[in-house]
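Close look at the chain arrangement
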Amino acid sequence: MPENIVILTGAGLSAESGLGTFRDKDGLWTQYDLEEVATPEGFARNPTLVQDFYNARRANCRAATPNAAHHALARLARDYPGTVTLVTQNIDDMLERALRDASCTSDVIHMHGELARALCNACGHRWDAPAEMHADDPCPACGRAATRPDVVWFGEIPYHMEAIDTALSRATLFAAIGTSGEVYPAAGFVQIAREMGAHTVELNLDPSANVHIFDETRPGPATQTVPAWVNALLA
Ligand code: APR
């Protein structure tokens, strides 16, 4: 059993929970203009459009449930405490819910933020987001109407990069699950892990943009590939 596993997940991990991916044929970026709903400039232009986009995703998330891939990752984190670092590009809470179901207290590093959290652009206060957020909601701390979803938009700096870099520097096994490998810095993690001597594996429905960098690939839907992979690790 490898002693330090770093697992990067993307939208494909939650696809079979009914939560949309971005770049697949019917993905979110085929339905919405990302410049309008996932950039600070888009938010400044039309905060109501952006809040409504995330309100709809928050409602979808509340109606969704973790799938077999989330539960398999929770089992791995539970059975090998302190060994597994879960890094996600996703803003849903499926992994947290699977970890709770597994009575596992492991954290999930949300490098692109979380739908469940809100942020005040004026004072930096963060709090649990309500089901629906509106452009003129006052910040609970400073009272100013400068609230936004606590998610990382294009052109903004991902969260927790120091913790992620530390985990990658110690990785003996790196897995990427359900991500197209199109967005940096996440898409660059596999190269860092390789340089640190880690074995690298991609578990994806279709080959990602950086599939050629991985030592091993396990193609297929996450609800099939991830439980099989975890069972092999725990055997
Ligand atoms: N099982 C496994 N993989 C799947 C499944 C599935 N059921 N369904 C889709 N996939 C794969 C696709 O083949 C694709 O490679 O998941 C990947 C999803 O890619 P994207 O839609 O680009 O999502 P992601 O890689 O998470 O995007 C990264 O881009 O838009 C930004 O901030 C957003 O965090 C997101 C980032």
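What you are looking at is a predicted structure, and each value in this text was computed from that prediction instead of being measured. (Residues numbered from 1 in each chain as written. Predicted model: local features only at pLDDT ≥ 70, side-chain atom pairs only at ≥ 80, totals over all residues. Heavy atoms only, no water.)

This next bit is on the sheet that holds strand β8 (residues 199-203). Overall, parallel pairing links the six strands, which are arranged β3-β2-β1-β7-β8-β9 in an open sheet. Because the sheet does not close on itself, it has two edges, and the strands there are β3 (108-110) and β9 (216-217). Where β8 lies against β9, two bridges are found, and the strand directions are parallel. By the bridge assignment for β9, E202 is matched with T217. (Pairing = 2+ DSSP bridges. Helix = DSSP H or I, 4+ residues; strand = E, 2+ residues; numbered from the N terminus.)

Next up on the list: the nonpolar core. Core analysis: the largest hydrophobic core is formed by 27 residues, its most contacted members being I7, L73, V226 and W229. The set of elements that each furnish at least two residues to this core consists of β1 (5-9), α6 (68-79), β2 (84-88), α7 (94-101), β7 (173-177), β8 and α10 (222-234). Of the residues forming this core, the biggest block, six residues, is contributed by α6. (Core = buried A, V, L, I, M, F, W, Y, C linked by side-chain atoms within 4.5 Å. Buried < 20%, exposed > 50% of the residue type's maximum accessible area, 1.4 Å probe, protein only.)

Bringing the domain arrangement of the protein chain into the picture now. Assigned domains within the protein chain: domain 1 (1-18 + 66-112 + 157-235) and domain 2 (20-63 + 116-151). Computed from C-alpha atoms alone, the centre-to-centre distance between domain 1 and domain 2 is 25 Å. Counting from both sides, the interface comprises 15 residues of domain 1 and, opposite them, 13 residues of domain 2. Between domain 1 and domain 2 the total buried area reaches about 920 Å² when both faces are included, carbon and sulfur atoms providing 59% of it. (Domains from an automatic or database assignment. Contact = heavy atoms within 4.5 Å. Buried area = accessible area lost by both parts, 1.4 Å probe.)

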